[in-house]
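The lines below spell out each chain.
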Number of protein chains: 6
Amino acid sequence: MTSPELPAPFDPATTELGCWLKLPSSIAAEAASLLGFDYVCIDMQHGLLSRSDLTPMLQAVHPHSPRALVRVPANDPSTIGWCLDAGATGVIVPLINSADEAEAAVRAAMYPPRGDRSTGPARAAVIYGNDYVHASNTSVQCIPMIETTGALGSLDGILSLPGVNAIYVGPSDLSVSLGLGPGNHDGETAFDDALTAVLDACNRHGVVPGIHANPSLATRRLEQGFRIVTIAEDLSGMQGAMSGALNTIRGD
Amino acid sequence: MTSPELPAPFDPATTELGCWLKLPSSIAAEAASLLGFDYVCIDMQHGLLSRSDLTPMLQAVHPHSPRALVRVPANDPSTIGWCLDAGATGVIVPLINSADEAEAAVRAAMYPPRGDRSTGPARAAVIYGNDYVHASNTSVQCIPMIETTGALGSLDGILSLPGVNAIYVGPSDLSVSLGLGPGNHDGETAFDDALTAVLDACNRHGVVPGIHANPSLATRRLEQGFRIVTIAEDLSGMQGAMSGALNTIRGD
Amino acid sequence: MTSPELPAPFDPATTELGCWLKLPSSIAAEAASLLGFDYVCIDMQHGLLSRSDLTPMLQAVHPHSPRALVRVPANDPSTIGWCLDAGATGVIVPLINSADEAEAAVRAAMYPPRGDRSTGPARAAVIYGNDYVHASNTSVQCIPMIETTGALGSLDGILSLPGVNAIYVGPSDLSVSLGLGPGNHDGETAFDDALTAVLDACNRHGVVPGIHANPSLATRRLEQGFRIVTIAEDLSGMQGAMSGALNTIRGD
Amino acid sequence: MTSPELPAPFDPATTELGCWLKLPSSIAAEAASLLGFDYVCIDMQHGLLSRSDLTPMLQAVHPHSPRALVRVPANDPSTIGWCLDAGATGVIVPLINSADEAEAAVRAAMYPPRGDRSTGPARAAVIYGNDYVHASNTSVQCIPMIETTGALGSLDGILSLPGVNAIYVGPSDLSVSLGLGPGNHDGETAFDDALTAVLDACNRHGVVPGIHANPSLATRRLEQGFRIVTIAEDLSGMQGAMSGALNTIRGD
Amino acid sequence: MTSPELPAPFDPATTELGCWLKLPSSIAAEAASLLGFDYVCIDMQHGLLSRSDLTPMLQAVHPHSPRALVRVPANDPSTIGWCLDAGATGVIVPLINSADEAEAAVRAAMYPPRGDRSTGPARAAVIYGNDYVHASNTSVQCIPMIETTGALGSLDGILSLPGVNAIYVGPSDLSVSLGLGPGNHDGETAFDDALTAVLDACNRHGVVPGIHANPSLATRRLEQGFRIVTIAEDLSGMQGAMSGALNTIRGD
Amino acid sequence: MTSPELPAPFDPATTELGCWLKLPSSIAAEAASLLGFDYVCIDMQHGLLSRSDLTPMLQAVHPHSPRALVRVPANDPSTIGWCLDAGATGVIVPLINSADEAEAAVRAAMYPPRGDRSTGPARAAVIYGNDYVHASNTSVQCIPMIETTGALGSLDGILSLPGVNAIYVGPSDLSVSLGLGPGNHDGETAFDDALTAVLDACNRHGVVPGIHANPSLATRRLEQGFRIVTIAEDLSGMQGAMSGALNTIRGD
């Protein structure tokens, strides 16, 4: 049995483009992975996914995509551990409001002494070998989301935590938290300032900045300095292709 | 794409009769919805259901029944948000012991500024359209359960919370909490007094009183003043029909 | 490991009352089995079931009900063998039109020399032990359905086949085949005569007569001489209980 | 319980644009249905679907799309009946090579006296009511595929069968059968002549011509006279959107 | 309906050998149960299992194995209650660090007055009858795991709680917590002393000591005084058999 | 998107050792594949598998094992095509009794002009690229089983068919067909002669001989000249490991 190496941590010098998965479909996961994205992220917070769906999806992603990330539904240590046991190479943790919450997320993703993760890496050991427990802490990525005013006010605390190599901005919740509506609000000062503050803090701390985007925003986000940029999604991509076909033919 | 309107809030002037689902079966959900109940409630607390089962069940209920409620397994914000993202029109939240706990439930079900629900309404946006986030807070129903002595002692606090339009009594847990056995205990003073207290408080606060019942208790509950009354269930209904057939033929 | 014994063949001296399952639910299967029916039949012809559902349902039936029957979707040897490998104690084979078709069904259910069933009893060996292949032919029940005019014209041929211990009348398809509508048609000469012909032929050949019924018809069928009588069903039982509750309360 | 009416047969005066589903996803099915296609077709021949997936997908399509078609995996009467029992409003039957094969397909889809379909419409009766068996034969559409030289040589026989209101051309298998490679071959005489022959025969017999297409071919097919045209697909639509995003950002 | 009796509590005079399940497979669960283990434990913490898998697995274990335990993913009252509602006869609760945490686990597993478990024993009532709620508190086993230095420091508090009849040592997490690597560390003083401390405390409090082991360690653990010893596992057992075959033939 | 190459045909100069899968488990499939078997075969004839299980299992095998074979449930063209569309690199076809039956199997597995396989390689095109249809006929392996006296009497006809590069002996069905009991019967003249006849015919026709074996028979089979030898299985391997542990500790 060849034991494939665990992926390296995110690197500020490298841009990574990703695909987001909300459908409980290992076929969508495999298809996305084979297209060549730098990472695939399976969304258990808002995606229509359960734990039952996660293992086959991670299996379909594993050897094809360098990174198999999971956005966990909440900052819950048991769930974070379980997703990593199932083979995720990292977790994106939503709604982090403070350095304490980020620290809890990191501790859930790391074995002692850095953290409290319980040993028992069921599928992770199947695919990465028995050395997984020893190697895991230097590879597994715990990525706090910056998407609330609480997080904006705690950037230095969150980004200076050992084990935080990358963060991920959720622009829609961030906008709502700032009193704007859902979605992106480029041009609104509060929104633009928030992104700038995140990017500056990332630079200060050597943390890789990531953000949720889409095809039309991706170039702007890369130019702004984000290095982990989600540019495609399964469900909305499929809907767009379908409605595009219908509109073209019907001339609607 | 026609965007069907979200259902209106519960209304004290209207009686609603519902069906309770404990089986992980989209067929049972569809069959129940087509029979004409005013609401269907999928029970994730005691029902034998997982998140995997919920989406197909909500899909089978959606256009046939005016309301697709989910009893969430616990007062957990991530789960409440996920069930609403999957298309539930409301949540019944068990074991609320205080106004603070009810407030947490409401905040989990509501987008800012009323609450903290994270944006990302995967299926809700598919069926209700892109305006869902704006419209949701005036439609989604967050229904605290009154089923402990703690809740009885906090009725005014719970029922005066903005966003609480209805409550739902769990008579079996309430009975156990009162030191009676499981089930309903009509005629026991403690039980009768508790229902009266709930109904009175609902009247004071303009909140719609709901309760879990069964075919033989339903008329009494309606006469007492309850306006949301669950009168049927999948598993026990099926068992009753089967054992009835067997008893009739065998003459047991 | 205790190896439970395989059930005995149907016996003309014993009446067996059964429950029919159309829902893909191991919980319904277990609940039905625990109620004390003499057999449970999982319907893969018209039930909303796939092969994925069958194994958990057979597992939920197995130790609680003396017989776990499967109505196979068609007279197909591969499917008949697979259902028996999964642990069914017998198969009901629909739409048998001739002795040749019944012989094909029997051959599919029996190992050589009586039949052609392929060895590889995956779950059957797990639950019945390694001796299963030797013991199977004397226990497994292959039950042709009598539900077409073709079958009525071939009764002696079908019922004299070695390995046919019981038959099962499908009254609805039989009625349609006779030019009557779906359902039962007691009182219609063609229908009554058909049942009489089946019962007479069963008596001549020592074959146990079975029929699909319901609670209100069951006593009549038993009086007519049927010995295997299905008296309850999951989906219609559940619907009946639900609509009964609704009608009672609403006064519809 | 309101019993929704069964859809009307295909009509040569009406153009219908459809969406094709290969993913085992009730969410994709619901999303496609809500976009306003005239029909949705669930592909059990080449789609990555099993019987387990079909019922939830049909439930997700049902009230939103006027037609819920299933391409069955083969011209097998048991499977055709089962898909209709599960609520399909019609079946597309692949690889029909002769009038006899088309007649077998029609008989499988129709109750007596026109056909041999077995009664037991599990979900169809749940959604269409108890009258379904009487109404079904005038509504259910059995659509033979024209995709082999055998079918081309039997057009008049196939199209004159009572119960054949529409046919569906599979251009890729037709091309391969004609000695061309897979895909469409507009401009190749053999391919163009075959489409013309199909359209002419449809005109002669008052049968509605359908064909599998894609967004870029759809207008041409409509101009040629096809009236049932599949213009979108789930998996390839999703892949196209994802790879489009990647190519745009990476500048590949 | 015969109501099978609930199992008796663990007994210090009886040794129980168990099998551990990490695969989401009701077939593995049934096969293990039929082999004659004294208990089967379904691992929801590190096993690749979801709630969807649990019910069929518990159904496959139920009548064959005296005890159907579930290791819950976390000390969460809603999850503990749900697993018991689904028919588990006991729960193993990981990562208990204090008497307070153990008390919370016991309260989640027990109905009032001992605990707070909500009534609604869906499957438990199906298999154990309507008396389940009354009988449950004397039968259901809540088994805290001793696997952290926190638990070692709280042994007397944990073991003296009413309702704690047994504990279960997780040697790998315990080792990591003690600063040793994952796995067992017999011969290391810290590890040996910890086991001794647990056994001594169990003796003092009349609590049955359990531990996670494997075939080669089991005899040693029994000799040390452990009475609940897990000696086999599904996934590693299967992998060992497969790799053993390959190594034997290839002569690797 | 890198398009991985399809595997080469079986080669008489190469020995391939395989693992057999009967459990519906993508985790077992992945674990087996990672152990380094030359092929993995998913058994849909006797395995407890449905079409729902096949895609995730093939996804878990794909990049890790050189060959992902499926034993189809029967010699049915629709099923053979579907398994290949889902990504199987070859099919083992049971119960082939004649050259005509083998020819039908080959035609089902090959596109025109060699066969009749319908185009639409859903997942095969996802993983192997758009060229799959052109490349498939030179890579896909259609492997008839030799397991009946009919096949023994038709060896030259079966083995001389273009497209038959390998055959697979089912020793248990072969034994039963020869009038011996199930299992292997080395030492029985009829059994030994049958194996010799198969090996001789393979040599004459340049066809690679395969056989179902187990760890203790594998060396003998390799010495006899078989080149494709299945040496391990999921379910029996797991059961053996579990019962071995129990017997060792209990001293049974």
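The model shown is predicted, which means the values in this text are computed figures rather than measured ones.

Some points on the overall build of chain A
Looking only at helices and strands, chain A features 12 helices and 8 strands. Taking 2.2 N^0.38 as the reference for a compact globule, 252 residues should give roughly 18 Å; the C-alpha atoms of chain A span a radius of gyration of 18 Å, in line with that estimate. With the principal axes as the frame, chain A shows a C-alpha extent of 60 × 45 × 30 Å. Across the 252 residues in chain A, those meeting the buried criterion constitute 64%. Pairs at least 24 apart in sequence give 61% of the contacts found in chain A among residues at least 6 apart.

Describing the relation of the copies chain D and chain F
It takes a turn of 120° to lay chain D on chain F, together with a shift of 0.0 Å along the axis; the resulting RMSD is 0.0 Å. These values place the two chain copies in the arrangement generated by a three-fold rotation axis. Across chain D, the smallest distance between a C-alpha and the rotation axis is recorded for Ser-52 of chain D, namely 4.0 Å. When the interface residues of chain D are mapped onto chain F, a mere 11% of them are again interface residues, pointing to distinct binding faces.

Section: unusual backbone geometry
Residue and element names in this part refer to chain C. Of the consecutive residues Pro-112 and Pro-113, the connecting peptide bond is found in the cis state with omega at 10°. Turning to its location among the elements, Pro-113 is positioned in the loop between helix 4 (99-109) and helix 5 (122-128). A positive phi angle is found at Leu-95, which is not glycine, with a value near 60°. The residue Leu-95 is located in the loop between strand 4 (90-93) and helix 4 in this model. Residue classification places Leu-95 among the buried positions, given that 22 C-beta atoms sit within 10 Å.

A short note on the interface of chain D and chain A
With 31 residues of chain D at the interface, the matching set in chain A holds 31 residues. When residues of the side of chain D that touches chain A are traced back to their parent elements, those giving at least two are strand 1 (16-21), helix 1 (26-34), helix 11 (215-224), strand 8 (228-233) and helix 12 (234-250) of chain D. For the side of chain D that touches chain A, the element with the most residues is helix 12 of chain D, which contributes 14 residues. Considered class by class, the residues forming the side of chain D that touches chain A number 21 nonpolar, 8 polar and 2 charged.

Quick look at the nonpolar core
Nonpolar side chains tend to gather and get buried jointly when the protein is soluble and globular. Ranked by internal contacts, the top residues of the largest apolar core, which has 564 residues, are Val-91 of chain A, Val-91 of chain B, Val-91 of chain C, Val-91 of chain D, Val-91 of chain E together with Val-91 of chain F. Residues within four places of Val-91 of chain F in sequence aside, it is in contact with Leu-69, Val-70, Val-72, Ile-80, Cys-83, Leu-84, Ala-109, Cys-142 and Ile-143 of chain F.

Side note on the interface of chain D and chain F
The parts lose accessible area when they come together, and the size of an interface is often stated as this lost area. Contacts between the two partners involve 18 residues from chain D, matched on the other side by 16 residues from chain F. For the side of chain D that touches chain F, the secondary structure elements donating two or more residues are helix 2 (51-61) and helix 9 (171-177) of chain D. Here the side of chain D that touches chain F is composed, by residue class, of 8 nonpolar, 7 polar and 3 charged.

Focus: the pairing of strand 3 (residues 68-71) of chain B
Two faces belong to every sheet, and in a regular strand the side chains alternate between them. All names here are of chain B. With burial as the criterion, each face of strand 3 is covered, one bearing Ala-68 and Val-70 and the other bearing Leu-69 and Arg-71. Pairing analysis gives 4 bridges linking strand 2 (residues 39-43) to strand 3, with the strands arranged parallel. Paired with Val-40 across the bridge in strand 3 is Ala-68. Following the chain from strand 2 across helix 2 (residues 51-61) to the adjacent parallel strand 3, one finds a crossover that is right-handed.

A look at the sheet that holds strand 4 of chain C
Residues and elements named next belong to chain C. If you trace the 8 strands once around the closed barrel, you get 1-2-3-4-5-6-7-8, paired in parallel fashion. Ignoring strand direction, the axes of neighbouring strands in this sheet form an average angle of 30°. The pairing of strand 7 (residues 208-212) with strand 8 (residues 228-233) spans 3 bridges and is parallel. The residue bridging Gly-210 from the neighbouring strand is Ile-228, located in strand 8.

Quick look at the relation of the copies chain D and chain A
Between chain D and chain A, which share one sequence, the superposing operator has a rotation angle of 180° and an axial displacement of 0.0 Å; the RMSD is 0.0 Å. The superposition of one copy onto the other is thereby described by a two-fold rotation axis. Across chain D, the rotation axis passes nearest the C-alpha of Met-238 of chain D, at a separation of 2.1 Å. When the interface residues of chain D are mapped onto chain A, 100% of them again lie at the interface, so the same face is used by both copies.

Re the sheet that holds strand 6 (residues 166-169) of chain E
In any sheet, the strands associate via hydrogen bonds between backbone groups, in a parallel or an antiparallel arrangement. Residue and element names in this part refer to chain E. Spatial strand order, 1-2-3-4-5-6-7-8: 8 strands in a closed barrel with parallel pairing. Here the strands of the sheet are splayed against their neighbours by 30° on average, with no regard to which way each runs. Bridge count for strand 3 (residues 68-71) against strand 4 (residues 90-93) is 3 bridges, and the pairing is parallel. Residue pairing across strands places Val-70 opposite Val-91, the latter belonging to strand 4.

A look at the packing of helix 3 (residues 77-85) of chain A against helix 4 (residues 99-109) of chain A
All names here are of chain A. Packing of helix 3 against helix 4 brings their axes to within 8 Å, and their N-to-C directions diverge by 40°. Comparing the axis directions of helix 3 and helix 4 gives the class oblique. Like other packed secondary-structure pairs, helix 3 and helix 4 cross with a definite hand, here right-handed. Across from Pro-77, Ile-80, Gly-81 and Leu-84 in helix 3, the residues of helix 4 making contact are Ala-105, Ala-108 and Ala-109. Partitioning the contact of helix 3 with helix 4 into residue classes produces 6 nonpolar, 1 polar and no charged.

Notes on the arrangement of the chains
A minimum C-alpha distance of 15 Å separates chain A and chain C, which share no contact. Contact between chain D and chain E is absent, and the least distance between their C-alpha atoms amounts to 15 Å.

Points about helix 10 (residues 189-205) of chain F
One turn of an α-helix holds 3.6 residues; hence residues three or four places apart share an orientation. All names here are of chain F. Taking 1.5 Å as the rise per residue, helix 10 with 17 residues should run 24 Å; its terminal C-alpha atoms sit 24 Å apart, in good agreement. If you check which residues of helix 10 are buried, you get Ala-194, Leu-195, Val-198, Ala-201 and Cys-202. The arc that holds every buried residue of helix 10, seen down its axis, measures 130°, which confines them to one face. Exposed residues lying more than 90 degrees from the buried face of helix 10 are Thr-189, Asp-193, Thr-196 and Arg-204. Looking one or two residues beyond helix 10, the residue adopting positive phi is Gly-206, at roughly 65°.

Some thoughts on the pairing of strand 2 of chain B
For strand 2 of chain B, a buried count of 5 out of 5 residues is recorded, marking the element as mostly surrounded by other parts of the structure. Burial along strand 2 of chain B is two-sided: Tyr-39, Cys-41 and Asp-43 of chain B facing one way and Val-40 and Ile-42 of chain B facing the other are all buried.

A look at the environment of Leu-58 of chain F
Residue and element names in this part refer to chain F. Its place among the elements puts Leu-58 in helix 2 (residues 51-61). Remark: the alpha-carbon pair of Leu-58 and Cys-41, spanning 17 residues in sequence, is separated by 9.7 Å. The residues contacting Leu-58, other than those within four sequence positions of it, are Ala-68, Ala-86, Gly-87 and Ala-88.

A closer look at helix 1 (residues 26-34) of chain B
Residues and elements named next belong to chain B. Of all 9 residues in helix 1, 9 are buried; the element is thus mostly enclosed. Along helix 1, the positions that sit buried rather than exposed are Ser-26, Ile-27, Ala-28, Ala-29, Glu-30, Ala-31, Ala-32, Ser-33 and Leu-34. Downstream of helix 1 by one or two residues, Gly-36 has phi in the positive range, about 105°.

Focus on the packing of helix 2 of chain B against helix 2 of chain D
One way to put it is that helix 2 of chain B packs onto helix 2 of chain D with a least axis distance of 8 Å and a crossing angle of 40°. With respect to their mutual orientation, helix 2 of chain B and helix 2 of chain D come out oblique. Crossing of helix 2 of chain B over helix 2 of chain D shows left-handed handedness. Contact with helix 2 of chain B, carried on its side by Pro-56, Gln-59 and Ala-60 of chain B, involves Pro-56, Gln-59 and Ala-60 of chain D of helix 2 of chain D and no other residues of that element.

A few points about the environment of Pro-7 of chain D
All names here are of chain D. Within the secondary structure, Pro-7 sits in the segment before strand 1. By C-beta crowding, Pro-7 is classed as partly exposed, having 16 other C-beta atoms within 10 Å. Along the backbone, Pro-7 and Ser-26 are 19 residues apart, and their C-alpha atoms lie at a distance of 21 Å. If sequence neighbours within four positions are ignored, Pro-7 has contacts with Pro-66, Arg-67, Thr-89 and Ser-139.

Conventions adopted
- Residues numbered from 1 in each chain as written.
- Chains lettered and ligands numbered in written order.
- Predicted model: local features only at pLDDT ≥ 70, side-chain atom pairs only at ≥ 80, totals over all residues.
- Helix = DSSP H or I, 4+ residues; strand = E, 2+ residues; numbered from the N terminus.
- Rg over C-alpha atoms; globule rule 2.2 N^0.38 Å.
- Buried ≥ 20, exposed ≤ 12 C-beta atoms within 10 Å, placed from the backbone.
- Contact = placed C-beta atoms within 7 Å.
- Least-squares fit on C-alpha atoms with pLDDT ≥ 70 in both.
- Nonpolar A, V, L, I, M, F, W, Y, C, P; charged D, E, K, R; others polar.
- Core = buried A, V, L, I, M, F, W, Y, C linked by C-beta atoms within 7 Å.
- Pairing = 2+ DSSP bridges.
- Right-handed = clockwise from strand over helix to strand, strands pointing away.
- Axes fitted to C-alpha atoms, helices over the stretch in contact; angles between N-to-C directions.
- Parallel < 35°, antiparallel > 145°, perpendicular 65-115°, else oblique.
- Left-handed = near helix turned anticlockwise from the far one by under 90°.
- Expected span 1.5 Å × (residues − 1).
- Arc of directions from axis to C-beta.

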